[in-house]
There are 2 protein chains.
Amino acid sequence: MAPGAVAMASVAAATTWRLVLLLLLSIAGLGAADGPRPPNILLLLMDDMGWGDLGVNGEPSRETPNLDRMAAEGTIFPNFYSANPLCSPSRAALLTGRLPIRSGFYTTNGRARNAYTPQEIVGGIPDDELLLPELLKGAGYVSKIVGKWHLGHRPQFHPLKHGFDEWFGSPNCHFGPYDNRARPNIPVYRDWEMVGRYYEEFPIDVKTGEANLTQVYLQEALDFIKRQQAAQHPFFLYWAIDATHAPVYASRPFLGTSQRGRYGDAVREIDDSVGKILGLLQNLRIAENTFVFFTSDNGAALISAPKQGGSNGPFLCGKQTTFEGGVREPAIAWWPGRIPAGQVSHQLGSVMDLFTTGLSLAGLAPPSDRAIDGLDLLPAVLRGRLTDRPIFYYRGDTLMAVTLGQYKAHFWTWTNSWEEFRQGVDFCPGQNVSGVTTHTQEEHTKLPLIFHLGRDPGERYPLSFASTEYLDVLRGITPVVQQHQKALVPGQPQLNVCNQAVMTPKGALPLEHCTDLHACAKPSALATPWTEGGPAFCPQAPAQPCLHCVRPVGTKIRCGVL
Amino acid sequence: MAPGAVAMASVAAATTWRLVLLLLLSIAGLGAADGPRPPNILLLLMDDMGWGDLGVNGEPSRETPNLDRMAAEGTIFPNFYSANPLCSPSRAALLTGRLPIRSGFYTTNGRARNAYTPQEIVGGIPDDELLLPELLKGAGYVSKIVGKWHLGHRPQFHPLKHGFDEWFGSPNCHFGPYDNRARPNIPVYRDWEMVGRYYEEFPIDVKTGEANLTQVYLQEALDFIKRQQAAQHPFFLYWAIDATHAPVYASRPFLGTSQRGRYGDAVREIDDSVGKILGLLQNLRIAENTFVFFTSDNGAALISAPKQGGSNGPFLCGKQTTFEGGVREPAIAWWPGRIPAGQVSHQLGSVMDLFTTGLSLAGLAPPSDRAIDGLDLLPAVLRGRLTDRPIFYYRGDTLMAVTLGQYKAHFWTWTNSWEEFRQGVDFCPGQNVSGVTTHTQEEHTKLPLIFHLGRDPGERYPLSFASTEYLDVLRGITPVVQQHQKALVPGQPQLNVCNQAVMTPKGALPLEHCTDLHACAKPSALATPWTEGGPAFCPQAPAQPCLHCVRPVGTKIRCGVL
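Everything numeric in this text was worked out from a predicted model, so none of it was measured.

**Q** Looking at this model, I keep getting lost on the UniProt feature "modified residue: 3-oxoalanine (Cys)" (unreviewed entry) in chain A. Mind explaining?
**A** Residues and elements named next belong to chain A. In this structure's numbering, the residues bearing the UniProt feature "modified residue: 3-oxoalanine (Cys)" (unreviewed entry) are Cys87. Within the secondary structure layout, Cys87 lies in helix H3 (residues 87-96). Setting aside its immediate chain neighbours within four residues, Cys87 contacts Tyr116, His150, Asp297 and Asn298.

Dropping the structure here:
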């Protein structure tokens, strides 16, 4: 069977499975279709925003009055984690409730290697993964993603094929501008249709930092909320905006208004937008029927600091690492009238919990045919109940560390390679903990480095191997890790770069097969339209091969053959 | 003239001066004796507590609900500084409104050397310095210090000789336990009388961390407030407690209750006490007539971390350094009905401002015959008005750095010596900024290292010397520093250790002259009572030489000759 046929068969199987699941949910009465309308769900997911970027988490310039008020009116989770120190895997985990190692959002290109979905990647969210919006359909939700998808950019990975009803945003990071010859700019979609590209129809001035995108994304959110409220639909809005990911941007009214430069300007605009979104919920009188959660995809990108990176507060290192600065996230739950004001929950939380919590809000049970790592946070936020659970930290295929209770054990330490470091790439600028922030991959699987995160949140003082405390903790952690590893079935790796690693059992695919829809604007592709993507993105002409990248200068963006 | 005679003459001169000053204030009508009763002033001064120790400043364990509420009901100052990275000079500056270099609270024992008042020090607060409580008498205030004085322990430095009407606490740090032979434990006083010693009548269990002292200090505060309210006196209470200074302690109900170990337990007890104090003000209905300010004397002592030291949040290094972690302090102003709730003031503030603000609250003008570094904070807290002002950072006799606006320029960098560092003393554990956290004293007076504290509060990225921004900032800072240095008249250094440095123009005093009242319990002193202190501490027997340290085991503490 050709690979394409395998994919088709697997799509069909997954579709069948999904129908069966929804049927089962319906039979079980969990769909809540006939019960009272379940609450709306609004996830505000930031991009590379650090734990320390919020005033309520100690950012000295205190530029987040709306988020601080959101925290004061809701519950803050100081111990809330990403499922990965990088964007794509973290987002895959959020929407599936599963560690990236399970869903395939990792690479085997190298040990402990972080990976995401740049244009060169052909992988994406596997069709047999069940995403939150897909399952929420069983309870009548209408779902929209605003902003960054990042779970693959080939047709089969389109968010509207994975449960979302609407999309306004892009499949990838807003890196650029590119030359549009060897590499086109990243496209922006409204639902199935490409409506432009970053730096073109959606300008970002990398010199001044000016871009109107947060305002566009805000309007998308406000509009969606109003429409769903008018239609009396329960909704799931996934607001995955990206202004704090380098190149950082803000719109003109916010530029130059913060104490932190452009990064702070971006934060101020986001904070203002959050205020407007929460304000709309209150004006529409649906705040008491809307569960809102604010968090970020991974730690602040210190490699972009100080001008384009955020703050990880008192924590060690940043994005790309499994130290606290790479994985601990700002997190606020808000639901007036249901969540009491001014709470702090010390529940160890994860972005994966948003999957399970979302289902719980909708009266749905998580799928029982697969491992789910997310926890339902409702007992914590509504009743102050704490649940013991481990938090596992992976880089790529490697279990780097685990937290259990107050203790974190590192089985591997690594920041980045000496080679990168010597070239000026530093994941831990200004920080240096001997034997901990290593530039070689150091194994500690037999005797992990253990930190007490309460008295040492900055991971500076590993417990003495000889201490009773160390031995006690190790005894508690070891069986939890063994059980996790024994039960783990890694997914097919999706994030391998094909010219560098095995993509098929037969070996690496040639580079041209890795070129994707967004890369096809190179001259050769324009001359010989690349049709591998099929009609998926092209509802207007479903029988035609789709050429999203075909946009001769001066013509309307269109979907069709040359 | 013998040194004693000099001291007497200078005391007489200062007393005359003070009378003249109070007369002048009275003539000027600033004494407000006949006007409406001025507000009470309550300064809550912590010991070695770090900026990052408050939940509202991002401590992840969030163990300060009362302080966080105080902030929510008042104004928080994220950019508030100590006048020195060490205790005694910081406290001298707070009470005099003057930099330690002016009041003499520094040493010439070595360049950039930090110094305080251990038992070996004969210096203390010079008699011609005017302290806040002394001046507040002009407006009818009754003043009490609870806790650590730290401005000298010889009779002439007694707090009741410098304006306070009451004292419960100790002249020094609660280091110990000592052997009471070569070195006695630190005494605790009620007003003029020594009522016991740490580790003896006031036990501190250094093994378990148990001590009842914060409760004792709390009761002293509550009692004083109630008495002054009953007597209808405006009061100044200086609550200078020390539970967060190593050896860190808490009372039994708080031990083991925090997520941070003993340090967190101490913070929790302090937070609880602050809640009780503010609660009393509210119950007595005097909250609206009481200006309360919470801050700390210097940055968290990272050399005592992680078990006995606090957090400096995102800032660089800790106590003893002039990096942000050494000098930036938590700061909250609270005055219900006057200070609007939930404000953030970006006024650059200093503990010295509490002197000037205190006077302003009392309707008094600061002394005009000397340089005063403190700023009146009332325009900032009451009317949101910001005042441009520099913040100078000294270590001992050396101007290390200055902040102006958002920029901080380091003229010298130094953490601690290689020798200390190699012995395991590290003022910046886990932090290492190349060329910044130096272990040798590095001069940058011609081309200071400049940081933008808004986008780089952690002082990790010095501006490029070649940038326009650097040159602009340098042009702004240079004249401010020149003006400061030109006008500066350093005081007579008070903190020289006499066996190591010049104490008189003729050279170092022999060691025995440095032995002070608290050190006189060594066997030789017990045998030959040391009378140099004179009758100052001994009101019951003013004609007798006083022997505070004479406390034969099993007898009542008393003041008198053997």
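Here the narrative resumes, following the displayed structure.
**Q** Got a minute to help me understand the relation of the copies chain B and chain A in this structure?
**A** Mapping between the two copies of the chain is achieved by a rotation about an axis and a shift along the axis. The two copies are related by a screw operation: chain B maps onto chain A through 180° of rotation and 0.0 Å of translation along the axis, at an RMSD of 0.0 Å. Seen this way, the second copy is the image of the first under a two-fold rotation axis. A share of 97% of the interface residues of chain B reappears at the interface of chain A, consistent with the copies meeting face to face through the same patch.

**Q** Help me understand the sheet that holds strand E7 (residues 193-197) of chain A, please; the structure alone is not making it clear to me.
**A** Sheet strands pair via backbone hydrogen bonds, and the direction of the pair is either parallel or antiparallel. Residues and elements named next belong to chain A. Judged by pairing direction, the sheet is mixed, and its ten strands sit side by side in the order E7-E6-E5-E4-E8-E1-E9-E11-E2-E12 without closing on themselves. This sheet does not close on itself; its edge strands, each paired only once, are E7 and strand E12 (343-344). Where strand E2 (residues 75-76) meets E12, two bridges bridge the pair, whose relative direction is parallel. Its bridge partner being in E12, Thr75 is matched across the sheet by Gln343. Strand contacts of H3: strand E1 (40-46), strand E4 (142-148) and strand E8 (235-240), with the helix running at about 170° to E8, the strand carrying the most contacts.

**Q** Looking at this model, I keep getting lost on helix H12 (residues 468-487) of chain B. Mind explaining?
**A** For the α-helix, the turn length of 3.6 residues means that residues three or four positions removed from each other point alike. Residues and elements named next belong to chain B. Its 20 residues place the ends of H12 30 Å apart at the C-alpha level, agreeing with the 28 Å of an ideal helix rising 1.5 Å per residue. Of all the residues in H12, the buried ones are Tyr470, Val473, Leu474, Ile477, Val481 and His484. Looking at the buried residues of H12, the elements they touch are helix H4 (100-103), strand E14 (391-395), strand E15 (398-404), strand E16 (407-410) and strand E19 (449-452).

**Q** Quick question: what am I supposed to make of the state of the cysteines here?
**A** Covalently bonding the sulfur atom of one cysteine to the sulfur atom of another cysteine gives a disulfide. A full pass over the atoms with the stated rule returns two disulfides over all chains. Bridging Cys317(A) to Cys428(A), the disulfide has an S-S length of 2.0 Å. Between Cys317(A) and Cys428(A), the S-S torsion sits near 100°, and that sign places the bridge as right-handed. With a gap of 111 residues between them, Cys317(A) in the loop between strand E9 (290-296) and helix H8 (324-327) and Cys428(A) in the loop between helix H11 (418-422) and strand E18 (442-443) connect regions that are remote in the sequence. The pair formed by Cys317(A) and Cys428(A) is uniform in burial state, with each residue classed as buried. Unpaired in terms of disulfides, Cys87(B) finds its nearest cysteine sulfur in Cys173(B), a separation of 4.9 Å.

**Q** Is there a simple way to explain the packing of helix H6 (residues 213-231) of chain B against helix H7 (residues 262-283) of chain B in this structure?
**A** Residue and element names in this part refer to chain B. One way to put it is that H6 packs onto H7 with a least axis distance of 10 Å and a crossing angle of 10°. With respect to H7, the axis of H6 lies roughly parallel. Residues Thr214, Gln215, Leu218, Ala221, Leu222, Ile225 and Lys226 of H6 lie in contact with H7, whose contacting residues are Glu269, Ile270, Ser273, Lys276, Ile277, Leu280 and Leu281. Class assignment of the residues belonging to the contact of H6 with H7 gives a composition of eight nonpolar, three polar and three charged.

**Q** Is there a simple way to explain the side chain of Glu220(A) in this structure?
**A** Residue and element names in this part refer to chain A. Mapped onto the secondary structure, Glu220 falls in helix H6 (residues 213-231). Taking relative accessible area as the criterion, Glu220 reaches 8% and is therefore assigned buried. Within polar-contact distance, the side chain of Glu220 engages the side chain of Arg190 at 2.4 Å. Leave out the neighbours within four places in its chain, and Glu220 touches Lys144, Val146, Phe168 and Arg190.

**Q** Looking at this model, I keep getting lost on the packing of aromatic side chains. Mind explaining?
**A** Given two aromatic rings, their pairing is described by the distance between the two centres and the angle made by the two planes. Under the criterion given, the structure shown has 34 aromatic pairs over all chains. Aromatic side chains Phe465(A) and Tyr470(A) sit 5.2 Å apart centroid to centroid with 85° between the ring planes, which places their arrangement in the edge-to-face category. Judged by its relative accessible area of 40%, Phe465(A) falls in the partly exposed class. One cation-aromatic arrangement involves Lys408(A) over Tyr393(A); the distance from NZ or CZ to the ring centre is 4.4 Å. The ring of Trp335(B) carries the charged tip of Arg338(B) above its face, separated from the ring centre by 4.5 Å.

**Q** Explain the pairing of strand E5 (residues 166-170) of chain A here, please?
**A** When a strand is regular, its side chains alternate between the sheet's two faces. Residue and element names in this part refer to chain A. Where burial is concerned, most of E5 is hidden: five out of the five residues are buried. Looking at chain direction, E4 and E5 are connected through five bridges and run parallel. Bridging from a neighbouring strand, Val146 pairs with Phe168 of E5. Looking at chain direction, E5 and strand E6 (residues 187-190) are connected through two bridges and run antiparallel. Within E6, the residue paired with Gly169 across the bridge is Tyr189.

**Q** Just to check I follow, could you spell out the pattern of salt bridges for this structure?
**A** Once their charged atoms are close, side chains differing in charge can pair, the charge on each being opposite to the other. Per the counting criterion, the structure on display carries 48 salt bridges over all chains. With a closest N to O distance of 2.9 Å, Asp369(A) and Arg370(A) form a salt bridge. Owing to a relative accessible area of 18%, Arg370(A) belongs among the buried residues under this scheme. The salt bridge involving Lys144(B) is made with Glu166(B); its shortest N-O contact spans 3.2 Å. Taken as a pair, Lys144(B) in strand E4 (residues 142-148) and Glu166(B) in strand E5 (residues 166-170) lie far apart in primary sequence, 22 residues in all. Exposure remark for Lys144(B): the relative accessible area of 1% places this residue in the buried category.

What counts, and where the lines are drawn
- Residues numbered from 1 in each chain as written.
- Chains lettered and ligands numbered in written order.
- Predicted model: local features only at pLDDT ≥ 70, side-chain atom pairs only at ≥ 80, totals over all residues.
- Heavy atoms only, no water.
- UniProt positions renumbered as here; feature names shortened; annotations may be inferred.
- Helix = DSSP H or I, 4+ residues; strand = E, 2+ residues; numbered from the N terminus.
- Contact = heavy atoms within 4.5 Å.
- Least-squares fit on C-alpha atoms with pLDDT ≥ 70 in both.
- Pairing = 2+ DSSP bridges.
- Axes fitted to C-alpha atoms, helices over the stretch in contact; angles between N-to-C directions.
- Expected span 1.5 Å × (residues − 1).
- Buried < 20%, exposed > 50% of the residue type's maximum accessible area, 1.4 Å probe, protein only.
- Disulfide = S-S within 2.5 Å.
- Parallel < 35°, antiparallel > 145°, perpendicular 65-115°, else oblique.
- Nonpolar A, V, L, I, M, F, W, Y, C, P; charged D, E, K, R; others polar.
- Polar contact = N/O pair within 3.5 Å; in protein donor to acceptor, adjacent residues only side chain to side chain.
- Phe/Tyr/Trp six-rings, centres within 6.5 Å; stacked < 30°, edge-to-face > 60°.
- Lys NZ or Arg CZ within 6 Å of the ring centre and 35° of its normal.
- Salt bridge = Lys/Arg side-chain N within 4 Å of Asp/Glu carboxyl O.

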